[in-house]
Amino acid sequence: MSVPPTILVFDSGLGGLTVLREIVRARPDAHYVYVADDAFFPYGHHSEEQIVARVVPLVGELIARHAPVLVVIACNTASTLVMSHLRSAYSVPFVGTVPAIKPACASSRTKRVSVLGTRGTVQREYTRRLIDDFAQGCNVTLVGSAELASLAESALSGNDVGDADIAAELAPCFVDDGKHRTDTVVLACTHYPLLLDRMKRLAPWPVDWIDPAPAIARRVSDLLGSPGKESDQAGAEIIFTSKRPHTLSQALMPFFGGRVPA
Ligand code: DGL
């Protein structure tokens, strides 16, 4: 039986699971190593220099240890910064996660789009360039949220998170100038789809929420080539850099396509 390829999926915490979920769906034939750099969470609160200095050597160590055929940086706050550093340091292919501004602006009917990300992501030169290149006549509102990633992390870990706290982070996305109002919100942090049902319920009016995870999964699948046979060996592991105990393994199973991550 052939050995399934290993895909390493990396985020600052549990948010990258929303990307992993789509990749596992597209490629159940792979073995998955999910790494949550929770010892350094939240990335949105660190400087650009700190993130590069943290992520580049850490990903190098993970590549050496797990020999993945492909690495997914399932974090906008890191991807908008580190992809070129990673590609010049290591030969394995990388797939990043960056704000889906192009498809959002292409589909907005009111030409009013909001990009909801961490404070780091919305300040990045990379994000500003995406807007310059792909706004296609839309007014784009950048909304940097200080707390939403931590609220999502907390909710997935089983804690109570109040509606008012989520609604307060969302509010600046909803712009109404009397003539036009926002009709599209880009989820530019992989943590946010964890709260999507609640965000839909708390939104002042219905909008399209753009989650890039299915597009990332298609890209990963294309790079992997034709699927092998789904194999019993195609297991999954989850690694917390804080070395916290794996008390969430059962709760996280749906993100791993029903596998219990070791
Ligand atoms: N999940 C990360 C992202 O996509 C950010 C969360 C954090 O601040 O660490 O941007």
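Up top you'll find the structure we're talking about.
Residues numbered from 1 in each chain as written. Predicted model: local features only at pLDDT ≥ 70, side-chain atom pairs only at ≥ 80, totals over all residues. Heavy atoms only, no water.

Peer 1: What's the story with the pattern of salt bridges in this structure? I'm lost.
Peer 2: Oppositely charged side chains can form a pair if their charged atoms are brought close together. Applying the stated criterion across every chain yields a total of 10 salt bridges. We note a salt bridge from Asp37 to Arg54, for which the minimum N-O separation is 2.5 Å. Of this pair, Asp37 sits in the loop between strand E2 (31–36) and helix H2 (48–66) while Arg54 sits in helix H2, placing them 17 residues apart in sequence. The class for Asp37 is buried, based on a relative accessible area of 0%. The exposure class assigned to Arg54 is partly exposed, which follows from its relative accessible area of 26%. Three or more residues are tied together by salt bridges with common partners; here these are Arg109, Asp183 and Asp208. (Salt bridge = Lys/Arg side-chain N within 4 Å of Asp/Glu carboxyl O. Helix = DSSP H or I, 4+ residues; strand = E, 2+ residues; numbered from the N terminus. Buried < 20%, exposed > 50% of the residue type's maximum accessible area, 1.4 Å probe, protein only.)

Peer 1: Which parts of the structure should I look at to understand the side chain of His191?
Peer 2: Here His191 shows up in the loop between strand E7 (184–187) and helix H9 (196–202). At 3.3 Å, the side chain of His191 forms a polar contact with the backbone nitrogen of Gly15. What His191 contacts, discounting residues up to four positions off in sequence, is Asp11, Ser12, Gly13, Leu14, Gly15, Phe41, Ala149, Ala152 and Glu153. (Polar contact = N/O pair within 3.5 Å; in protein donor to acceptor, adjacent residues only side chain to side chain. Contact = heavy atoms within 4.5 Å.)

Peer 1: Sorry if this is basic, but what is going on with the pairing of E2 here?
Peer 2: In terms of residue burial, E2 counts as a mostly covered element, since six of its six residues are buried. On E2, burial covers both faces: His31, Val33 and Val35 on one face and Tyr32, Tyr34 and Ala36 on the other are all buried. In this structure, strand E1 (residues 6–11) lies alongside E2, joined through six bridges in parallel fashion. Its bridge partner lying in E2, Val9 is registered against Tyr34. (Pairing = 2+ DSSP bridges.)

Peer 1: Whenever I open this one, the sheet that holds strand E3 (residues 70–73) confuses me. Can you help?
Peer 2: Each strand in a sheet pairs with another by means of backbone hydrogen bonds, the pair being arranged parallel or else antiparallel. The parallel open sheet is built from five strands, whose spatial order is E4-E3-E1-E2-E9. Every other strand in the sheet has two partners, leaving strand E4 (94–95) and strand E9 (236–240) as the edge strands with one partner each. The strands touched by helix H1 (residues 17–26) are E1, E2 and E3; relative to E2, the strand with the most contacts, the crossing angle is about 175°. Running at roughly 155° to E1, H2 makes contact with E1, E2, E3, E4 and E9 of the sheet. (Axes fitted to C-alpha atoms, helices over the stretch in contact; angles between N-to-C directions.)

Peer 1: How do you make sense of the site of the ligand when you look at a structure like this?
Peer 2: Around the ligand, a shell composed of 14 residues is seen, among which Ser12, Tyr43, Thr77, Thr190 and His191 lie nearest. Within the backbone of Gly44, one N or O atom sits 2.8 Å away from an oxygen atom of the ligand. Measuring from an oxygen atom of the ligand, one finds a side-chain N or O atom of Thr77 at 2.6 Å. Of the pockets mapped on this structure, the ligand occupies the largest cavity. (Near = heavy atom within 4 Å. 1 Å grid on protein atoms, 1.4 Å probe; cavity = no way out; pocket = protein on both sides within 12 Å on 5 of 7 lines; lining within 4 Å. Sits in = over half its atoms within 2 Å of the grid points.)

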